[in-house]
Amino acid sequence: MPATKKGYRVARLRRRRRTKAELWQAWVLYVLAAAVAFGAVFGAWQLGSRWLQKPEEPARGSYLALVTLTAPGSAEPVAAALVVKDAANDATALYVIPRDLLLEGPDGEYVFAGDAMAAGTLKQDLQRVVHAGIDAQYELPFAALGDLAAAGEFQLSLPDPVELDVAGTTRTFEDRAIVSASELPALFAASGPSGEDAAHMQEALWKAVLDAAALRPGDVRVAAARAAAARAKGSADRWYLGDALRRLTGGAAVAGRIPSYWRVAEGQFAFLPKVDDIMAQITRKAPDYRSRFTVVVRNGSGRVGAGLGVAERLAILDVNLPAPTNADTFDYRQTQILAGSRALPVAQDIRAILGRGVILDGADVPPDTVVVIVGADTEPTNAKPKEQP
C-alpha cells in the first residue's frame, strides 16, 4: 500500500478519536454547568427562604405581667392585678392589687396602690414591694373581659357578705349573687366601709369571669384570649398577655389577693404586704430572680413528700431552692442542716423555720450553700408560715 494512503487513514482515525473525545468533553462540561447552575439557584432559594421566613417564637419561661382595667370610654385605671407564671411548675396565678395596698415610693415613702395607679407609677412602686422586675404591663378595657367570657351575667363566690357603694348606692352582695356583665366596671370601682369588702369583690369578679371563660370550648377560648389581648395597650409584646389569659381561663388557675394583711392605724385602713409570702409566691418565680445563697433539700427519711414539704416551708427565704432530691440513704433519724462556711445565718433561719434539726459544719459544702437532709423527726406535711400581726 502506498505510504501516502496509509498516512491518510491514520490521520483520519486520529481525527475521529479526537472528535469523539471533544464531544464527550463537551457533554461533561454541559452536565457540570447545569449542576453548578442548579446548585447556585437552589442555594440562593434556601438562603432567601431563611431570610424571608418569620423567625420562630422563642421559648418563654416564667414572667410577671401587670394588668390594669380601664373605665369604658377612657383610659382611667379602675383596678389592677398581677399575673405570675411559674414555668417550673407550669402554674399561673392572678393576684388582685387592692387600692388600699401600701407600696413603696422612690424615696422609701408609703404609697397607696390606688394613688400609684392614678399617677402611672404602679409598676415601679409594685416592683419595690415584690423585689422583682415586672416583664410586661397592659391597659385592658372592660370590653375585653366581655369578649373573653362571652357571658351576660356572672355568679359570685363570696366567703362572707360584702357591702359596697356602687355608683352612689349602698348594696350588699352575698355568696352566689348574680351580677350582669354591664355592672362589671362599677363593681370593680366600688368602695366599701373598709378596703376589705372592695378587695373581696374584685377577687370574686375575677374568679367569675375566668370561670365563665373556662367553660368555653378549647379552641374558642384560645381565640378569645388572643382577641382580648389584641384590645390591650402596652409597650410590651402582647404575647405575654395572650398567654396569661389563655392559662388563666384553663380552669386550674389561682385567683386571689396579693399576699397581705389589713390594719387600721389612726382611722386609716390599709393592706400591708406579707413579705415572706410574697417571696414564696411571687419573687422567686420571677425570671430574673437570683440569690447569693442556695439551699439544697434531700429526703433522708424515705417518707414520700418529706423533702417537698420542707422545701415549701423554706420558700419564704431569699435563697435559690432547687427541686428536692433523695439522700444517699433513708435511715436519717434526725434532720441535719449542713452549713457552708459563709451560710451559717441561713442555716440558723432554717432551723428556726423547721423547729428541729441539728446544724453541722458542712466541710464539703460550698461556702454559700446549705444542705438540708430531712430526717424522720420532720413531718412531711407543709406547715404554713405564721401570719404577721
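Residues numbered from 1 in each chain as written. Predicted model: local features only at pLDDT ≥ 70, side-chain atom pairs only at ≥ 80, totals over all residues. Heavy atoms only, no water.

Undergrad: Let's hear about the sheet that holds strand 15 (residues 325-326): which residues, and what values?
TA: Taken together, five strands build an open sheet; the order of strands is 15-14-18-16-17 and the sheet is mixed. For this open sheet the edge positions go to strand 15 and strand 17 (358-361), each flanked by a neighbour on one side alone. Pairing analysis gives two bridges linking strand 14 (residues 294-299) to strand 15, with the strands arranged parallel. Note on strand 15: the bridge partner recorded for Arg298 is Thr325. Sitting on the sheet, helix 10 (residues 306-313) is in contact with strand 14 and strand 18 (369-374), with an inclination near 155° to strand 14. (Pairing = 2+ DSSP bridges. Helix = DSSP H or I, 4+ residues; strand = E, 2+ residues; numbered from the N terminus. Contact = heavy atoms within 4.5 Å. Axes fitted to C-alpha atoms, helices over the stretch in contact; angles between N-to-C directions.)

Undergrad: Please provide a residue-by-residue account of the nonpolar core, values included.
TA: Counting residues in each nonpolar core, the largest one holds 53 residues, and the members touching the most others are Phe173, Phe188 and Trp206. The element contributing the most residues to this core is helix 6 (residues 195-214), with ten residues. Dropping the residues within four chain positions of it, Phe188 is found in contact with Leu69, Val78, Ala79, Arg99, Phe142, Leu145, Gln202, Leu205 and Trp206. Listed in part, the 27 residues of the second largest apolar core include Ala113, Ala116, Phe269 and Ala286. (Core = buried A, V, L, I, M, F, W, Y, C linked by side-chain atoms within 4.5 Å. Buried < 20%, exposed > 50% of the residue type's maximum accessible area, 1.4 Å probe, protein only.)

Undergrad: Got a sec to walk through the pairing of strand 17? Specific residues and values, please.
TA: Strand direction decides the pairing type here: strand 16 (residues 336-339) and strand 17, joined by four bridges, are parallel. Within strand 17, the residue paired with Ile337 across the bridge is Ile359. Assessed by its sense of winding, the connection that carries the chain from strand 16 through helix 11 (residues 344-354) to strand 17 is right-handed. (Right-handed = clockwise from strand over helix to strand, strands pointing away.)

Undergrad: Could you give an account of the pairing of strand 8 (residues 162-166), naming the residues involved and the relevant values?
TA: The alternating pattern of strand 8 places Val162, Leu164 and Val166 on a buried face and Glu163 and Asp165 on a face that is not buried. Note: strand 8 against strand 9 (residues 169-173), five bridges, orientation antiparallel. Bridge pairing links Val162 to Phe173 in strand 9. Here strand 8 hands over to strand 9 after two residues, with Ala167 in that stretch at a positive phi of 55°.

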